[in-house]
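Tertiary structure, described
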Amino acid sequence: KLLARLMKVKHLNEIVGVDVSIASLEMAARRLRLDRLPARSRERMTLLQGALTYRDRRIEGYDAVALVEVIEHLEIDRLRAMERAVFEHAHPALIVVTTPNAEYNVRFPGLAPGAMRHADHRFEWTRHEFLTWAETVAARNGYQVQISGIGEADAEVGAPSQMAVFRLAGVA
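Residues numbered from 1 in each chain as written. Predicted model: local features only at pLDDT ≥ 70, side-chain atom pairs only at ≥ 80, totals over all residues. Heavy atoms only, no water.

1. Examining the sheet that holds strand β5 (residues 143–150)
- Taken in spatial order, the 4 strands of this open sheet run β3-β4-β6-β5, and their pairing is mixed. Because the sheet does not close on itself, it has two edges, and the strands there are β3 (64–68) and β5. Between one strand axis and the next, the sheet turns by 15 degrees as a mean value, whatever way the strands run.
- Pairing analysis gives 7 bridges linking strand β4 (residues 94–100) to strand β6 (residues 161–168), with the strands arranged antiparallel. The residue of β6 that forms the bridge with Thr-99 is Gln-162. (Pairing = 2+ DSSP bridges. Helix = DSSP H or I, 4+ residues; strand = E, 2+ residues; numbered from the N terminus. Axes fitted to C-alpha atoms, helices over the stretch in contact; angles between N-to-C directions.)

2. Topic: helix α2 (residues 22–32)
- Listed as buried for α2 are Leu-25, Ala-28 and Leu-32. Here the buried residues of α2 occupy an arc of 60 degrees about the axis, which is enough to place them on one side. Exposed side of α2, more than 90 degrees from the buried face: Arg-30 and Arg-31 are the residues found there.
- In the core, the buried residues of α2 are packed alongside α1 (2–7), β1 (15–19) and β2 (45–49).
- Two or three places before Ala-23, at the start of α2, stands the capping residue Ser-21, its side-chain oxygen 3.3 Å from that residue's backbone nitrogen. (Buried < 20%, exposed > 50% of the residue type's maximum accessible area, 1.4 Å probe, protein only. Arc of directions from axis to C-beta. Contact = heavy atoms within 4.5 Å. Polar contact = N/O pair within 3.5 Å; in protein donor to acceptor, adjacent residues only side chain to side chain.)

Here you go:
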């Protein structure tokens, strides 16, 4: 869905989607109707198979990276590898990371106490855990970070999802 929205932004010259799953990339290509797009539009979109836990020169040099509901699918001990690949090596001016707010899970009917939202999630963080991680990553890599909620916030448990927007220090 994000790739489809980005394709509508005409001043974006190049859009790259990365996934570890070839099946997910094939599904994205079908949903985006890449085979039916005019050549000029099709040339703006690239889908790559890869893992964000390894340095990948193909994703270096871009202005921005969006990790939308991605990090919670990594083993927690692989987060540092993702950090190095994205923040240190790809090193874009802007990085957006979204992830579920674990505190909000109590508001989902039918979700057992302590359960995660998706069977493939390896962890889900509280707002404090996410803030601590984001501030640590920002400080270690020369970024400034702003945290916000996504969705309607509950006074007690916050918003359903949370977002960190990292900007390279000194870049507008």
